Amino acid sequence: SWNDLEDDPQYFPVYGVVEIGEGADYALRFDGDDDHIIIDEDMPNWEGYLEIEAWVNPTEIDGIQFITMYGDYGWGLYLNNGYVAYSNDYSLSKNPTSNMTVQEGQWSHVKVAVNSQSGGEFFINNQSAGIIEPGKSQIPQGDFGSNDCFQSGDECDELYIGRMGAGCDCNHFYGLLDDIRIGNSNNESIWQFTEGEGDITVDSSGLVGEIHEAAWV
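Chemist: What is the right way to read the pairing of strand β15 (residues 188-191) from this model?
Modeler: Side-chain direction in a regular strand flips from residue to residue, so the side chains alternate between the two faces of the sheet. Here β15 shows a buried face lined by Ser189 and Trp191 and an unburied face lined by Glu188 and Ile190. Once strand β14 (residues 174-183) ends, the chain turns through four residues before running back antiparallel as β15.

Below, the structure is given as structure tokens:
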């Protein structure tokens, strides 16, 4: 089947992709173990307002699975046992979550919109899925200073897709991801995965991501 665990994408028929506009759009499959994308590029200053959205098709919904995270415990979007969660705090247990879940083995559109002053809101398939209180809508800059980053001396300011950020090589996504958008009215970074092959993907503004093991479908 198209969500088989084989790493060779030749085993996946095309009905596993998301269709957007004319023709088919590729997606990337993450194995939940070590697959991810790393983007070592400068990201915009979101100036107090940020939206993160993506199409997700989780093979399983158990546990914590990051869609994206910036830097060392910076802003991010992830699934927590199927609920959509926003990375606002070093302690994941303190992060806000949606009041609805996504479905296992099905495509869902997930989104969070946060204003650092007034709060935020979750959306699943364009329906409101919970309000975020103002105290939990901060936009952390990803410079926490975790042990891994401190000891390595690395800057730890990369954007990650498919796993937690630079401070923890953990909480990998298990399933398919596509059309990830990070932005606001002034700047945006859209990852549509249009290449269909290779170990490099480029966003709408020319930022380059290195694909580590994730398979094209």
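From this point, the discussion proceeds with the structure in view.
Chemist: Would you explain the state of the cysteines in this entry?
Modeler: Each disulfide consists of one covalent bond between the sulfur atoms belonging to two cysteines. Enumeration according to the criterion identifies one disulfide in this entry. Note that Cys168 is cross-linked by a disulfide to Cys170, the S-S spacing being 2.0 Å. An S-S torsion of about 130° defines the bridge between Cys168 and Cys170 as right-handed. Accessibility expressed as a relative area gives 18% for Cys170, which makes it buried.

Chemist: Mind showing me how you'd approach the packing of aromatic side chains here?
Modeler: Per the stated rule, a full pass over the model turns up five aromatic pairs. Ring geometry for Tyr26 against Trp216: centres 6.3 Å apart, planes inclined by 80°, an arrangement best described as edge-to-face. Taken together, the positions of Tyr26 in the loop between β2 (24-25) and β3 (28-31) and Trp216 in strand β18 (residues 215-216) put the pair 190 residues apart, joining distant regions of the chain. Look at Trp216 and you get buried, because its relative accessible area is 7%. Taken together, Trp46, Tyr70 and Trp75 form an aromatic cluster joined through their ring pairs. One residue, Lys111, lies across the ring of Phe123, its end atom 5.7 Å from the ring centre.

The rules behind these values
- Residues numbered from 1 in each chain as written.
- Predicted model: local features only at pLDDT ≥ 70, side-chain atom pairs only at ≥ 80, totals over all residues.
- Heavy atoms only, no water.
- Buried < 20%, exposed > 50% of the residue type's maximum accessible area, 1.4 Å probe, protein only.
- Helix = DSSP H or I, 4+ residues; strand = E, 2+ residues; numbered from the N terminus.
- Pairing = 2+ DSSP bridges.
- Disulfide = S-S within 2.5 Å.
- Phe/Tyr/Trp six-rings, centres within 6.5 Å; stacked < 30°, edge-to-face > 60°.
- Lys NZ or Arg CZ within 6 Å of the ring centre and 35° of its normal.

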